[in-house]
There are 2 protein chains.
Amino acid sequence: MKQKITLKHIAKELEVSISTVSKALKNSEEIGRDTKEKVQAFAKLYNYKPNNIAISLKNKRTKNIGVIIPDIVHHFFTTVFRGIEKYANKQGYNVIVCVSDESFDKEVINMEMLANGSIDGFIMSLSAETQQKQDFNHLKEVTEQGIPLVLFDRVSEEVACDKVVINDMEVAYQAVNKLIEEGRKKIALVTTENYFNVSNQRAEGYTKALINDGRKLDDKLILKLPYKGVEDHMIEDFINTTDMDGILCVNELFAILCLRLAKKKGLRVPEDVSIIGFTNGILSRYCSPTLTTIAQHGEEMGERAAQMLIERVESEIDEEEETYRTEVIEATLIERESTK
Amino acid sequence: MKQKITLKHIAKELEVSISTVSKALKNSEEIGRDTKEKVQAFAKLYNYKPNNIAISLKNKRTKNIGVIIPDIVHHFFTTVFRGIEKYANKQGYNVIVCVSDESFDKEVINMEMLANGSIDGFIMSLSAETQQKQDFNHLKEVTEQGIPLVLFDRVSEEVACDKVVINDMEVAYQAVNKLIEEGRKKIALVTTENYFNVSNQRAEGYTKALINDGRKLDDKLILKLPYKGVEDHMIEDFINTTDMDGILCVNELFAILCLRLAKKKGLRVPEDVSIIGFTNGILSRYCSPTLTTIAQHGEEMGERAAQMLIERVESEIDEEEETYRTEVIEATLIERESTK
DNA sequence: TATTAACACGAAACCGTTTGCGTAACCTCT
DNA sequence: AGAGGTTACGCAAACGGTTTCGTGTTAATA
């Protein structure tokens with residue numbers, strides 16, 4: 001096992017000082033021609049690479065980004081992550097991922113683990129529990145320490161930081177409008193408990209579209225489900241007991257379940273009922289009939305988030321005068337077989 | 001913005017030495033009662049947390065694990081990652097993820113980035129290109145430097161390290177046997193080009209099961225597809241021109257495509273043709289008919305890999321005498337509607 | 001009263017780099 | 001020959017901790 005070689009080793013071997021070696025490797029003008037060549041040749045021969053940790057300590061820059069997401073086995077987060085990783089890597093950054101598992105406590109613990117020097121900044125999407133509790137002290141502490149933070153998708157107005165979101169309200173509005181244009185009379189909404197910012201926005205878009213068309217809201221057409229532990233019967237009851245000819249679902253799973261249970265009831269999709277879901281995932285593409293969905297462009301979102309974060313990290317101005325930006329990515333409706 | 005507090009700050013403020021502060025915070029016997037209390041109170045008040053980077057440099061231990069996988073938007077890798085992250089976090093480790101994107105070069109670059117002190121060990125699954133090229137020098141270099149490595153799923157015999165795999169051959173054998181027991185006469189195999197260790201193992205199980213039943217192999221019943229860029233027509237031609245009543249697919253996507261295209265041809269599943277896929281992902285659970293699949297237990301795999309790695313990292317014995325283990329996780333057949 | 005042990009703390013080395021500054025040796029010019 | 005200027009390098013501090021060892025003070029013991 002050949003030990004990792006350090007400046008000290010090279011210095012001793014070549015009988016020069018450590019600083020000479022360091023400067024020689026950086027091609028400093030201070031160092032003589034032949035010394036430089038000697039050092040560089042030796043370093044190449046033994047495949048010298050500077051120790052990242054030492055450099056991090058010196059520079060107070062780790063070139064690591066901390067990403068905290070609620071779930072990794074989840075198409076949307078996974079695509080966002082891919083975007084983050086892609087951009088970050090291009091800029092020479094590595095990505096440390098922690099999964100909050102929708103838990104407030106884990107989110108806090110993970111942040112604290114990473115905030116002690118391990119990373120230069122955070123990219124996060126809030127856990128369900130955090131959104132429910134509306135407790136953002138851990139985020140505030142981090143930003144107060146001067147660690148840049150970018151929130152995406154599941155954000156909160158109470159946290160002052162850069163954000164990347166999609167135009168949830170508008171795109172939900174468009175989606176419902178499409179159903180209206182199809183001639184749907186009874187359009188249902190399948191959403192989550194209302195502590196999710198995104199669900200609220202989407203519900204608002206739904207409402208606006210109906211109102212705009214001169215209809216009035218019918219609570220019977222709105223189903224609120226828990227975020228986790230959804231079981232078939234919850235949706236089945238709703239579909240079996242409610243008369244509807246169009247459904248907007250705030251996520252992909254709900255849409256797939258609606259599709260399946262509508263078919264089970266004997267409804268034809270899209271003849272009897274149209275279905276539109278959020279998240280243009282693999283399920284929507286491969287189920288049958290294929291699902292019309294709203295693509296959130298997760299990868300782009302991740303790239304933008306990473307870009308915003310790295311800009312913050314690398315900007316020299318310490319006090320950014322608190323001019324935080326919120327980037328809005330335009331979601332797009334992908335029409336497939338579940339609508340006409 | 002309150003700056004991160006260090007030992008030095010505390011020392012100056014309390015007019016003691018840095019070492020006294022350090023010891024006091026560790027509750028050392030060396031330090032007097034009241035000094036300890038004073039220091040600890042001050043530290044708590046200002047929320048002092050030691051700098052991870054400094055500790056890493058001192059200990060030559062980062063408490064970071066490097067994970068390199070071919071793709072993150074992929075159910076199997078994602079579940080493995082979840083297992084890794086779960087176990088690692090429990091042990092106080094963080095996980096740095098890099099995505100090789102099935103590229104040899106990216107795999108090499110990522111490894112080099114992380115190998116210079118950023119991590120204590122690697123958990124990897126080989127990229128398609130690496131398996132194709134059969135070039136493992138980057139892996140060997142890393143292990144020669146004494147950095148522990150655990151390979152999972154896509155492994156190679158040429159690399160001496162710990163490994164975690166599933167019993168691909170046996171479970172494929174079982175799956176085909178199930179089709180035989182159903183009375184299937186013409187069982188097809190849809191697999192990838194043969195540089196993938198896992199595909200080879202699965203193909204071998206397929207072959208063995210047929211031979212064992214006294215049949216002979218029919219090349220016309222075997223379809224080899226590229227790993228990326230599979231298009232419908234490749235499978236469609238195969239299904240339309242070949243007579244078959246059972247299909248084993250080496251991954252989930254192939255199975256879903258077969259299912260769809262068999263249905264398109266007018267075949268009933270499972271009446272006319274049975275389909276079994278690998279990877280018990282979300283697609284298999286929610287398509288219709290639901291797919292019988294082989295569950296690879298990715299999460300368990302990840303946990304085992306993390307456990308093996310951390311044991312290596314933390315074992316004091318530097319020379320492990322090269323007794324590397326290969327753990328085999330038992331895959332299980334999940335029967336659903338696509339088989340009888 | 002002199003010796004010694006216990007106590008409580010500080011100095012300094014170390015982890016691996018970077019970098020500002022000091023300086024010995026040589027060169028050049030007058 | 002001495003002043004002044006290069007050249008080519010080393011010293012040491014710094015990043016933020018941990019840890020070994022040394023030491024001044026006090027109290028206990030002979």
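The sections below set out a description of the structure shown in this document. This is a predicted model, so every value here is computed, not measured. (Residues numbered from 1 in each chain as written. Chains lettered and ligands numbered in written order. Predicted model: local features only at pLDDT ≥ 70, side-chain atom pairs only at ≥ 80, totals over all residues. Heavy atoms only, no water.)

### Let's talk about the overall build of chain A
Counted only if it meets this: Helix and strand assignments follow DSSP, with helices taken as H or I runs no shorter than four residues and strands as E runs no shorter than two, numbered in order from the N terminus. Each radius of gyration is computed over the set of C-alpha atoms, and the globule rule expresses the reference value as 2.2 Å times the number of residues to the power 0.38. Exposure is judged per residue with a 1.4 Å probe applied to protein chains only, and the accessible area is read against the type maximum: over 50% gives exposed, under 20% gives buried, and values in between give partly exposed. The contact criterion used is simple: two residues touch if any of their non-hydrogen atoms lie within 4.5 Å. In short, Shrake-Rupley with a 1.4 Å probe defines the accessible areas, and a residue's cover is counted only from the protein chains shown. A positive count includes Lys and Arg, and a negative count includes Asp and Glu. His and the chain ends are not counted in either. To locate a charge, take NZ of a lysine, CZ of an arginine, CG of an aspartate or CD of a glutamate.
Tallying secondary structure elements over chain A gives 14 helices and 12 strands in all. At 26 Å, chain A has a C-alpha radius of gyration far larger than the 20 Å of a compact globule built from 340 residues. Seen along its three principal axes, the alpha-carbon backbone of chain A occupies a region of about 85 × 40 × 30 Å. Considering chain A as a whole, with its 340 residues, one finds that 55% of them fall into the buried category. Within chain A, counting contacts between residues at least 6 apart in sequence, those at least 24 apart form 72% of the total. When the accessible surface of chain A is totalled, it reaches about 15400 Å², and 47% of it is carbon and sulfur. In chain A, 45 side chains carry a positive charge and 55 a negative one; their mean positions are 5 Å apart.

### Quick look at the protein's contact with DNA strand D
Applied cut-off: Definition of nearness: a residue and a molecule or strand are near each other if at least one heavy atom of the residue lies within 4 Å of the molecule or strand. The term polar contact refers here to a pair of N or O atoms within 3.5 Å; inside protein, the definition further demands a hydrogen-donor-capable atom paired with an acceptor-capable atom, and it admits residues adjacent in sequence only when both atoms are side-chain atoms.
Residues in close proximity to DNA strand D total 29 residues, the closest being Thr 20, Lys 23, Glu 30, Gly 32 and Thr 35 of chain A. Each atom of DNA strand D within 4 Å of the protein was assigned to sugar, phosphate or base; sugar and phosphate come to 55%. Lys 8 of chain B is positioned with one of its side-chain polar atoms (N or O) 2.7 Å from a phosphate oxygen of DNA strand D. When residues of the surface near DNA strand D are traced back to their parent elements, those giving at least two are helix H2 (18–25) and helix H4 (52–59) of chain A together with helix H1 (7–14), helix H2 (18–25) and helix H4 (52–59) of chain B.

### Quick word on the packing of H2 of chain B against helix H3 (residues 33–45) of chain B
All names here are of chain B. The line we're drawing: Lines fitted to C-alpha atoms define the axes, with helix axes restricted to the stretch in contact, and inter-axis angles between N-to-C directions lie between 0 and 180 degrees. Angle categories: roughly parallel below 35 degrees, roughly antiparallel above 145, roughly perpendicular from 65 to 115, and oblique for all the rest. Under the scheme applied, nonpolar residues are Ala, Val, Leu, Ile, Met, Phe, Trp, Tyr, Cys and Pro; charged residues are Asp, Glu, Lys and Arg; polar residues are all the others, including Gly.
Direction vectors running N to C along H2 and H3 enclose 85 degrees, while the axes themselves pass 9 Å from each other. Compared by their axis directions, H2 and H3 come out roughly perpendicular. Judged by residue contacts, Thr 20, Val 21, Ala 24 and Leu 25 of H2 engage Thr 35, Lys 36, Val 39, Gln 40 and Ala 43 from H3. Considered class by class, the residues forming the contact of H2 with H3 number five nonpolar, three polar and one charged.

### Examining the environment of Ser 288 of chain B
Following the sequence through the fold, Ser 288 of chain B ends up in the loop between helix H13 (282–286) and strand S10 (292–295). Each C-alpha atom of the pair Ser 288 of chain B and Ile 256 of chain B lies 9.6 Å from the other, and the pair is 32 residues apart in sequence. Setting aside residues no more than four positions away along its own chain, Ser 288 of chain B makes contact with Lys 263 and Ser 288 of chain A together with Leu 259 and Lys 263 of chain B. Looking at Ser 288 of chain B, its side chain comes within polar contact range of the side chain of Lys 263 of chain A, at 3.4 Å.

### Side note on the interface of chain A and chain B
To be explicit about the condition: Each of two parts loses accessible area, computed with a 1.4 Å probe, when they are put together; buried area is these two losses added. Throughout this description, the term salt bridge denotes a Lys or Arg side-chain nitrogen within 4 Å of a carboxyl oxygen of Asp or Glu. Strands are treated as partners if at least two bridges between them are detected by DSSP.
Chain A puts 54 residues into the contact, and the matching count from chain B is 53 residues. Where chain A abuts chain B, roughly 4800 Å² becomes buried across the two surfaces, and 57% of that area is made up of carbon and sulfur atoms. Three residues, Ile 53, Asn 116 and Tyr 286 of chain A, lead the burial of chain A against chain B; their summed loss comes to 14% of the area buried on that side. Remark: the boundary between chain A and chain B carries two salt bridges. Linking chain A to chain B there are 16 residue pairs in polar contact (both at pLDDT 80 or more). Taken together, the elements giving at least two residues each to the side of chain A that touches chain B come down to H4, helix H5 (75–90), strand S2 (94–99), helix H6 (104–115), helix H8 (137–144), helix H12 (252–265) and helix H13 (282–286) of chain A. Broken down by element, the residue count for the side of chain A that touches chain B peaks at seven residues, all from H5 of chain A. The residue makeup of the side of chain A that touches chain B, split by class, is 23 nonpolar, 19 polar and 12 charged. For S2 of chain A and strand S2 (residues 94–99) of chain B, the ladder comprises three bridges, and the chain directions are antiparallel.

### Regarding the protein's contact with DNA strand C
Around DNA strand C sit 28 residues in total, of which Thr 20, Lys 23, Glu 30, Gly 32 and Thr 35 of chain B are the nearest. Among all atoms of DNA strand C positioned within 4 Å of the protein, those belonging to sugar or phosphate total 59%. In this structure, a phosphate oxygen belonging to DNA strand C sits 2.5 Å away from a side-chain N or O atom of Thr 35 of chain B. Between DNA strand C and Lys 60 of chain B there is a distance of 2.8 Å, counted from a phosphate oxygen to a side-chain nitrogen or oxygen. In terms of residue count, H2 of chain A provides more of the surface near DNA strand C than any other element does, four residues in total.

### Overview of the nonpolar core
Applied cut-off: By nonpolar core we mean a set of buried residues, namely Ala, Val, Leu, Ile, Met, Phe, Trp, Tyr and Cys, connected to one another through side-chain atoms within 4.5 Å.
If you look at the biggest cluster of nonpolar residues, it comprises 146 residues, and the most contacted ones within it are Ile 123 and Leu 248 of chain A together with Ile 123 and Leu 248 of chain B. With residues near it in sequence (within four places) discarded, Leu 248 of chain B still touches Ala 172, Ala 175, Val 176, Ala 188, Leu 189, Val 190, Tyr 206, Ile 276, Phe 278 and Ile 294 of chain B. In this structure, Leu 126 and Val 155 of chain A together with Met 124 and Leu 139 of chain B belong to the second largest nonpolar core, which totals 40 residues.

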